[in-house]
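Okay, here's what each chain looks like letter by letter:
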Amino acid sequence: MRSIGLCTGASTITLVDAEKNGKTIEVNGIHSYAHEGNPKQVVKDLLGQFDLRKVDSIAVTGRRFKEFLNLTNISEPLSIEYALKHINNDGKHYNAIISAGGETFIVYKLDDSGKIGKVFTGNKCASGTGEFFIQQTRRMDVSLDEAIRYAQNEEPHHVSGRCSVFCKSDCTHATNKGVPKGRVVAGLCQMMANKALELLKNIPKENIIIIGGTTRNKVMIDYLNREITNLIIPKEATYFEALGAALWAMENKTKPVDNLSEGEWVHSYPNKEWKGYQISKVYGRFASLRDLYRKWVQALGNDLKIQIFYNSDLGRPYSARGAKILREALDLSLIHISEPTRPLYI
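A brief structural summary. Quantities reported herein were computed from a predicted structural model and do not represent experimental measurements. (Residues numbered from 1 in each chain as written. Predicted model: local features only at pLDDT ≥ 70, side-chain atom pairs only at ≥ 80, totals over all residues. Heavy atoms only, no water.)

Describing the overall build of the protein
- Secondary structure summary: the protein contains 11 helices and 12 strands in total.
- Here the protein, with 346 residues, has 42% of them falling under the buried criterion.
- Look at the contacts in the protein between residues 6 or more apart in sequence, and 60% of them connect residues 24 or more apart.
- Carbon and sulfur atoms make up 49% of the accessible area of the protein, which amounts to about 20700 Å² in all. (Helix = DSSP H or I, 4+ residues; strand = E, 2+ residues; numbered from the N terminus. Buried < 20%, exposed > 50% of the residue type's maximum accessible area, 1.4 Å probe, protein only. Contact = heavy atoms within 4.5 Å. Areas by Shrake-Rupley, 256 points an atom, 1.4 Å probe, with all protein chains shown as cover.)

Here's the deal with the state of the cysteines
- Enumeration over the complete set of coordinates arrives at 0 disulfides.
- Free of any disulfide, Cys167 has its nearest neighbouring cysteine sulfur in Cys171, separated by 4.4 Å. (Disulfide = S-S within 2.5 Å.)

Re the side chain of Glu81
- If you trace the backbone, Glu81 turns up in helix H2 (residues 76-87).
- No salt bridge is formed by the buried Glu81, whose closest oppositely charged neighbour, Lys115, lies at an N-O distance of 4.1 Å.
- Beyond its immediate sequence surroundings of up to four residues, Glu81 is in contact with Lys115 and Ile116. (Lys, Arg positive; Asp, Glu negative; His and termini not counted. Salt bridge = Lys/Arg side-chain N within 4 Å of Asp/Glu carboxyl O.)

As for the pattern of salt bridges
- Inspection of every chain in the model, using the stated rule, returns 6 salt bridges.
- Between Asp313 and Lys295 there is a salt bridge, and its shortest N-O distance comes to 3.3 Å. Linking Asp313 in helix H10 (residues 303-314) with Lys295 in helix H9 (residues 289-299), this pair joins segments that are 18 residues apart in sequence.
- The class for Asp313 is buried, based on a relative accessible area of 4%.
- For Lys295, a relative accessible area of 39% translates into the label partly exposed.
- Among the ionic contacts, a cluster of salt bridges with common partners joins Lys281, Lys295 and Asp313.

Some details on a nonpolar patch on the surface
- Together, Tyr293, Val297 and Leu300 make up a nonpolar patch on the protein surface, roughly 310 Å² of accessible area in all.
- Considering the arrangement of structural elements, one finds Tyr293 in helix H9. (Patch = residues over 30% accessible without salt bridge, like charges linked within 9 Å, V, L, I, M, F, W, Y side chains within 5 Å.)

With respect to the packing of aromatic side chains
- Tallied over the full model, the rule gives 4 aromatic pairs.
- Site record: aromatic cluster; members linked through ring pairs are Trp296, Phe309, Tyr310 and Tyr318. (Phe/Tyr/Trp six-rings, centres within 6.5 Å; stacked < 30°, edge-to-face > 60°.)

A word on the packing of helix H6 (residues 181-199) against helix H7 (residues 218-227)
- Following both chains from N to C, one finds H6 and H7 inclined at 45°, their axes separated by 8 Å at the closest point. With respect to H7, the element H6 is oriented oblique. For H6 against H7, the interelement crossing comes out right-handed. On H7, the residues touching Ala186, Cys189, Gln190, Met192, Ala193, Ala196 and Leu197 of H6 are Val219, Met220, Tyr223, Leu224 and Glu227.
- Residues belonging to the contact of H6 with H7 are distributed by class as follows: 10 nonpolar, 1 polar and 1 charged. (Axes fitted to C-alpha atoms, helices over the stretch in contact; angles between N-to-C directions. Parallel < 35°, antiparallel > 145°, perpendicular 65-115°, else oblique. Left-handed = near helix turned anticlockwise from the far one by under 90°. Nonpolar A, V, L, I, M, F, W, Y, C, P; charged D, E, K, R; others polar.)

What about the nonpolar core?
- One finds Ile98, Leu188, Leu200, Met220 and Leu224 to be the most contacted residues of the largest nonpolar core, which totals 39 residues.
- Contributing elements (two or more residues each) for this core: strand E6 (96-100), strand E7 (105-110), helix H3 (130-139), helix H4 (144-151), helix H5 (164-176), H6, strand E9 (206-211) and H7.
- When residues no more than four places from it in sequence are discounted, the contact partners of Leu188 are Phe132, Phe133, Gln136, Met140, Val159, Cys167 and Cys171.
- Core analysis: the next-biggest nonpolar cluster, separate from the first, contains 22 residues, Ala83, Leu84, Ile106 and Leu243 among them. (Core = buried A, V, L, I, M, F, W, Y, C linked by side-chain atoms within 4.5 Å.)

Considering the packing of H4 against H6
- Put simply, H4 and H6 touch, their axes get as near as 7 Å, and they point 95° apart. If you check the angle between H4 and H6, you find them roughly perpendicular. Of the residues in H6, those in contact with Ala147, Tyr150 and Ala151 of H4 are Gly182, Val185 and Ala186.

Thoughts on H6
- Between its terminal C-alpha atoms H6 stretches 28 Å, which fits the 27 Å expected from 19 residues at 1.5 Å a residue.
- For H6, the buried fraction is high: 14 of the 19 residues fall into the buried class. (Expected span 1.5 Å × (residues − 1).)

Remarks on the sheet that holds E7
- Strands sit in the order E8-E7-E6-E9-E10 across an open sheet of 5 strands; the sheet is mixed. If you trace the sheet from one side to the other, it starts and ends with strand E8 (116-121) and strand E10 (229-232), each paired once. Recorded for the sheet is a direction-independent mean angle of 20° between the axes of neighbouring strands.
- Relative to E7, E6 runs antiparallel, the two being bridged by 5 bridges. Its bridge partner being in E7, Ala100 is matched across the sheet by Phe105.
- The strands touched by H2 within the sheet are E6, E7, E8 and E9, with E7 carrying the most contacts at an inclination of about 60°.
- Packed onto the sheet, H6 meets E6, E7 and E8 and runs at close to 35° relative to E7. (Pairing = 2+ DSSP bridges.)

Side note on the sheet that holds strand E4 (residues 57-61)
- In spatial order, the strands read E3-E2-E1-E4-E5; together these 5 strands make up an open sheet with mixed pairing. The open sheet terminates on both sides in strands that have one partner only, identified here as strand E3 (24-34) and strand E5 (72-73).
- In this structure, strand E2 (residues 12-21) lies alongside E3, joined through 10 bridges in antiparallel fashion. Across the sheet, Ala18 pairs through a bridge with Val27, a residue of E3.
- Contacts from helix H1 (residues 39-47) reach strand E1 (2-8), E2, E3 and E4, with the element oriented near 30° to E2.

Here it is, written out as structure tokens:
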């Protein structure tokens, strides 16, 4: 059985192509791309690389954009539980999983059975997240690799973690004063580590798994290792949720994927000389029936909105009542005059 798991993150779209043969599960491929504000196109391009007629099931997870996909979606905690069960063959007990991604840091506290018992999240401020770190290094005109290299073995310059505006101001002020970029980056890494540690304040700081794109940040990981005993970074860390979604899809019924395969236009009247095409969003990938129904309800009673719904969403012609001059209306206006002999419409 072959399945695909998608994780729609704040900054990247990750896809895992997995296959089960008997009791063996193999990952055929991992694809991850920054969507740069256009996640729909990235998902379309990713799925376009596959012959979906050979894929049995697809599931999507993530905190962003998943509701725009006409695919079976599951929560992040559920996908994480499936991925953890897959990699934890020895049945070891872990106290928590830190999800350190681009948008937010989350700590999932695990119970004795390896299930998620509680979820701890920080405030909604962007400071201390992977995406914020990328933004600040860009403002310093350094690449991610350069930033990490500069920050290693540097004394961290303190930056605020309370608010992204304050943190950005601290970074700008420091660089303007001539503080080395390595120290500023080290300060950012320390602040990010502290964000994660704050979420662990009620959990024993040992036997912790960390996942997410920021696991590539070696400086941040070094700070965490100083405070956490046995911090584990699995090799699946950067695609953990997508892997879990693919594993879940192997065991559960999902929406059919045939409608994502290559289709063929068939004319309703093939013998007619003039032919046209119509396509409804009902057949598309990114519009759910729930969304279309909501639009229809909102349009009721408004002829203009009804017309837009028919034309743009259903792909069908529509004319509001009274918008056309009908033959019957013209006939009512018909009068006869002696010259010329033909009737005129006025």
